[in-house]
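Now for the letters of each chain:
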Amino acid sequence: MKEAPTERNVTVGQLLGACLLFVLLCATGGALLAATAIPVAAATGATTNALTGLFEDLPTDIDFTQPSQQSTLVSADGAVITTFYAENRIVVRSEQISKFIKDAAVAVEDQRFYQHNGVDAQGIVGAIVNNITGGNLAGGSTITQQYVKNALLEEGRISGDQAKIDAATKTSLARKLNEARYAVAIENKESKDQILTGYLNIAQFGPSQWGVESASMYFFGRHAKDVTVAQAATLAALTQAPNYWNPEKNPQGAQERRDLVLAKMLKQGYITKAQHDEAVKTPMKSELKITPSKNGCAAAGISAHYCATVVNDLLKSDLLGKTSAERANRLYRGGLTIIGTLKNKDQQAAFDAITRRVAVNDASGAQAALVSVEPGTGKVVAMTQNTTYGEPTKTDPGSTTINLTVGQDQGGGVGFQSGSTFKMFTLVTWLAKDHSSYERVNTNPRMFPASSWTNSCFPDQVSDFNPSNSEGGGQGYASVRTATAQSINVGYTEMANKLDLCDIWKTANAMGVRRGGITTEADVQKDPLVKATKTQVGQPLPMVSVPAMVLGTNSVTPLSTAVAYSTLAADGKRCDPITFTEVKDSTGKLIGTNKTNCTQAINTEVARQATSVLQGVAAAGLPDRPSAGKTGTTDESKNVWFAGYTPQLATAVWLGHKDSERTLNFTSFNGVYYGQVYGSSIPAPIFREYMTNALSGEPALQFTRATKLDAPPAPPKADVPNVVGTKYTEAVQRLRAAGFAISAKGTLEGKQDQTVLRQSITGQAELGTTIELTVSMPPAAESKPAGKAPSPKKARP
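Residues numbered from 1 in each chain as written. Predicted model: local features only at pLDDT ≥ 70, side-chain atom pairs only at ≥ 80, totals over all residues. Heavy atoms only, no water.

**Some thoughts on the overall build of the protein**
Phase 1 of the analysis: Scanning the protein from terminus to terminus reveals 27 helices and 27 strands.
Phase 2 of the analysis: Burial statistics for the protein: of 797 residues in total, 54% are counted as buried.
Phase 3 of the analysis: Sequence-distant contacts in the protein: of pairs separated by 6 or more residues, those separated by 24 or more amount to 72%.
Phase 4 of the analysis: For the protein, the exposed surface amounts to about 32,600 Å²; the carbon and sulfur share of it is 51%. (Helix = DSSP H or I, 4+ residues; strand = E, 2+ residues; numbered from the N terminus. Buried < 20%, exposed > 50% of the residue type's maximum accessible area, 1.4 Å probe, protein only. Contact = heavy atoms within 4.5 Å. Areas by Shrake-Rupley, 256 points an atom, 1.4 Å probe, with all protein chains shown as cover.)

Right, here's the structure in full:
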């Protein structure tokens, strides 16, 4: 499109010459301009010569920018999640607009529309004379000219060019002449119906309604092709002053304006007397059915935080343009259809499972979140939390725009300590290094000195580590399977101590788990780990590789945790998560697909062996199909988790406080009181309910068994220390160090000085065997020897 000519200062005589040009233009469509140029120029001088040239050089390459349209985000099953728009417009074809609307627009806006060539001589002369006499330069514009004005204005809005916007709205003769010039050119190129359709699609019909389709849907809850005569007249009445004649805010004024349009339609023969009278009798309020359209993620309900992540991903995708500004412009103006990965059934099941146990704005002040991905594709099928979307208010203090399931690189938070869900990576590394899941490890609490650790990636990140088991539990030797099922911290610490921490760190990274925080410029300059891993600004912070990592001290995201567990479900193939699959333009043509990146992260046999072990976690059990998973609980129960999977679905559930590290213990959730809170207390039941409902109707697929399942080895034996005659506390230390568990009973025999009188086993015994001690005790403590070894207890789930 050529630029509009600059404005010129003209005299009254020159304006009269321009009037003559307009009359000739209107009568001939420009054909006689060449013949009349010289006489007119003699009368009006140089300015008229310029005007004549203006109309001789009509544009031939007219291609107005497609008007802004709302873009739509739909779920994988086709339901509208929300729309995005800078202008709420739905462009429709001619046949999708009622003839009543077209006739009403012509009747009230441009009754000579079908006779003129783009510029109405009577109207334009009146407007110019009004300008000569000091009035405003208003009126006289045909529908074609209004179409031109709106199109030029829209072109400026879309391009963000303020100069174009100013040029399209400035009250000046130059602007009127430029509109007339384009109007004549358009009339030479397009049919009257094409022009009228274009105008009705681009014009403003309400405060936030652009185009007749969105206006009809908003005011009447019906498509533009289905309106009544009265409704058509109401819509046509709006374009002159959309805010003032708004029937929602000014029903009486809008009805009077509608009746004026109806009178014009009757007078010009577009409707019959009967149609007119019936429409006039219709009260405006009875016609209205206000139907607000969704706009943005705040309108996406329980999927609002998912929506925000989709937008974040779109604005980083080259599918919508090379720059963030281009992508945003196309999202909010391009009439796109974005096909999301979310499944409505799964999303509702997720929200229901969460809020049944931790309500929105629950009295506990805690938050819960769930995210679920499809193994082998990375598609996010559910992503929700027990908060509304927005800024917190007095009535909704828990509201937040932060998606608790993703990291800062996707508009989320810094993540949460993962607890024992992180043990899975030690298990996978253990199996990958040809260890057996039946191998027995020493679960007795003890110090692991810095010198005992191997960390080939980060040698300076080892230190003394003194883990404990939950409630003091864990004694003697237990198989890796038992240590997993009972989540025995010291057992897993010993496994990691026999491995290279670097290998566990690499396994976790390969399987897709990520910290939530992002790397800053300061991190790049000062953080040794960031430097060592060459992490770039804006990327997730690298995980810290220290002994405590094994028990879940890194703050990771629920989404990346679900991805990591989905890697096991997909036999070792990790697929990066995606939130949308396709983007289509306003015509339905495919712009591009969002393909996930998949890689074989771990050996298939190892993945299957790990699944076999994780199936032994009781909390993972589903009633109607095989499943596997792992609980997670951090110190003082500040964060509790469950991550699990079936062959079709992998899910992570988190519960905690988004803004602080506070214990969840001794708290009521949704009216139910809990003393100690573990991953098995609330997250696991959420997981089970969600998975049961999300997979309802799906086949109960079996996990593929590993080709070579590691067989239980012969139980190892060791010499049992002879502790008879020693003090009880010394006996406990010696037996535990040798790998045995202890039980004790008191007796009044002997000196009653806590000396061991008898032990149940001597010689050799299987590691982990419980040795019963008989201890000489005073009467008051006969049944409970001082310093008694804690009885075996289950580890914290």
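Continuing now.
**Description of the state of the cysteines**
Phase 1 of the analysis: Applying the stated criterion across every chain, the model contains three disulfides.
Phase 2 of the analysis: Sulfur-sulfur distance for the disulfide between Cys 297 and Cys 307 comes to 2.1 Å. Measuring the twist about the S-S bond at about -75 degrees, one finds the Cys 297-Cys 307 disulfide to be left-handed. With Cys 297 in the loop between helix H14 (284-287) and helix H15 (304-314) and Cys 307 in helix H15, this pair connects stretches of sequence that are 10 residues apart.
Phase 3 of the analysis: Looking at Cys 307, the relative accessible area reads 0%, which means it is buried.
Phase 4 of the analysis: Covalent S-S linkage joins Cys 457 and Cys 502, the inter-sulfur distance amounting to 1.6 Å. Remark: Cys 502 occurs in helix H21 (residues 501-511) and Cys 457 occurs in the loop between strand S11 (440-442) and strand S12 (477-479); sequence separation between them is 45 residues. (Disulfide = S-S within 2.5 Å.)

**A few points about the nonpolar core**
Phase 1 of the analysis: Ranked by internal contacts, the top residues of the largest apolar core, which has 81 residues, are Ile 338, Met 424, Phe 425, Leu 568 and Tyr 645.
Phase 2 of the analysis: Core analysis: the second largest hydrophobic core is formed by 38 residues, Val 106, Val 119, Phe 205 and Phe 220 among them. (Core = buried A, V, L, I, M, F, W, Y, C linked by side-chain atoms within 4.5 Å.)

**Points about unusual backbone geometry**
A negative phi angle is the norm for most residues apart from glycine, just as the trans form is the norm for most peptide bonds.
Phase 1 of the analysis: Here Asn 361, not a glycine, exhibits a phi torsion of approximately 55 degrees, which is positive.
Phase 2 of the analysis: Along the polypeptide, Asn 361 turns up in the loop between helix H17 (344-355) and strand S6 (367-373).
Phase 3 of the analysis: A relative accessible area of 35% places Asn 361 in the partly exposed class.
Phase 4 of the analysis: Located in the positive-phi region is Lys 534, a residue other than glycine, with phi close to 55 degrees.

**Section: the packing of aromatic side chains**
By convention here, two paired aromatic rings are described through the distance between centres and the angle between planes.
Phase 1 of the analysis: Taken as a whole and judged by the stated rule, the model has 13 aromatic pairs.
Phase 2 of the analysis: For the pair Tyr 244 and Trp 245, a centre-to-centre distance of 4.7 Å together with 80 degrees between the ring planes defines the contact as edge-to-face.
Phase 3 of the analysis: Using a relative accessible area of 53% as the deciding quantity, one classes Tyr 244 as exposed.
Phase 4 of the analysis: Pairing Tyr 565 with Tyr 645 gives two aromatic rings, centres 6.3 Å apart and planes at 55 degrees, and the pair type is tilted. Residue Tyr 565 is found in helix H24 (residues 558-569), and its partner Tyr 645 is found in strand S19 (residues 640-645); the two are separated by 80 residues along the sequence.
Phase 5 of the analysis: The buried category is assigned to Tyr 645, whose relative accessible area is 0%.
Phase 6 of the analysis: Through a chain of ring-to-ring contacts, three or more aromatic side chains come together here, namely Tyr 218, Phe 219 and Phe 220.
Phase 7 of the analysis: When the ring centre of Tyr 182 is taken as reference, the NZ or CZ atom of Arg 181 above it lies at 5.6 Å.
Phase 8 of the analysis: The ring of Phe 113 carries Lys 192 above its face, with NZ or CZ at 4.5 Å from the centroid. (Phe/Tyr/Trp six-rings, centres within 6.5 Å; stacked < 30°, edge-to-face > 60°. Lys NZ or Arg CZ within 6 Å of the ring centre and 35° of its normal.)

**A short note on helix H26 (residues 683-694)**
Phase 1 of the analysis: In a regular helix each residue adds 1.5 Å, so 12 residues correspond to 16 Å; H26 covers 16 Å between its end C-alpha atoms and thus fits that length.
Phase 2 of the analysis: Within H26, nine of the 12 residues are buried, which leaves the element mostly enclosed by the surrounding structure.
Phase 3 of the analysis: Three or more residues of H26 are buried, namely Pro 683, Ala 684, Pro 685, Ile 686, Phe 687, Glu 689, Tyr 690, Met 691 and Ala 694.
Phase 4 of the analysis: Lining the buried residues of H26 we find H17, S6, strand S7 (380-385), S19 and strand S20 (650-656). (Expected span 1.5 Å × (residues − 1).)

**Remarks on the side chain of Thr 579**
Phase 1 of the analysis: Note that Thr 579 resides in the loop between strand S14 (573-575) and strand S15 (580-584).
Phase 2 of the analysis: Judged by relative accessible area, Thr 579 falls into the buried class, the value being 2%.
Phase 3 of the analysis: Setting aside anything within four residues of it in sequence, one finds Thr 579 in contact with Tyr 306, Thr 309, Val 310, Asp 313, Gly 340, Thr 341 and Val 380.

**Some details on the sheet that holds strand S25 (residues 756-759)**
Phase 1 of the analysis: Read from one edge of the open sheet, three strands run S24-S27-S25, paired in mixed fashion. With one partner strand each, in any of the chains shown, strand S24 (741-747) and S25 form the two edges of the open sheet. Direction aside, neighbouring strands of the sheet carry axes that sit 25 degrees apart on average.
Phase 2 of the analysis: Here three bridges tie S25 to strand S27 (residues 770-776), and the two strands are oriented antiparallel to one another. Following the sheet pairing, Arg 758 is matched in S27 by Thr 774.
Phase 3 of the analysis: Sitting on the sheet, helix H27 (residues 728-737) touches S24, S25 and S27, and the angle it makes with S27 is about 170 degrees. (Pairing = 2+ DSSP bridges. Axes fitted to C-alpha atoms, helices over the stretch in contact; angles between N-to-C directions.)

**Examining the packing of helix H11 (residues 229-238) against helix H12 (residues 251-267)**
Phase 1 of the analysis: Where H11 contacts H12, the axes come no closer than 8 Å and their chain directions differ by 110 degrees. The pairing of H11 with H12 is recorded here as roughly perpendicular in orientation. Only Arg 257, Arg 258, Val 261, Leu 262 and Met 265 of H12 make contact with H11, whose side of the interface consists of Val 229, Ala 230, Ala 233, Thr 234, Ala 236 and Ala 237.
Phase 2 of the analysis: Counted by class, the contact of H11 with H12 contains eight nonpolar, one polar and two charged residues. (Parallel < 35°, antiparallel > 145°, perpendicular 65-115°, else oblique. Nonpolar A, V, L, I, M, F, W, Y, C, P; charged D, E, K, R; others polar.)

**Quick word on the environment of Asn 466**
Phase 1 of the analysis: Along the chain, the position of Asn 466 falls in the loop between S11 and S12.
Phase 2 of the analysis: Distance from Asn 466 to Pro 547, taken between C-alpha atoms, is 9.7 Å for residues 81 residues apart in sequence.
Phase 3 of the analysis: Ignoring sequence-local partners within four residues, the contact set of Asn 466 consists of Arg 446 and Met 447.

**Concerning the confidence of the model for the protein**
Phase 1 of the analysis: Mean pLDDT for the protein: 88, with 86% of residues reaching 70 or above.
Phase 2 of the analysis: For the stretch residues 790-796, pLDDT sits under 50, and the model shows 22 contacts to residues farther than four places along the chain or on other chains. (pLDDT = per-residue confidence, 0-100.)

**Side note on the pairing of strand S2 (residues 80-84)**
Phase 1 of the analysis: With four of its five residues buried, S2 lies for the most part within the structure.
Phase 2 of the analysis: As judged from the four bridges shared by strand S1 (residues 71-74) and S2, these two strands associate in the antiparallel manner. The residue bridging Leu 73 from the neighbouring strand is Thr 82, located in S2.
Phase 3 of the analysis: Linkage of S1 to S2, two consecutive antiparallel strands, is achieved through a turn of five residues, within which Gly 78 is found at a positive phi near 90 degrees.

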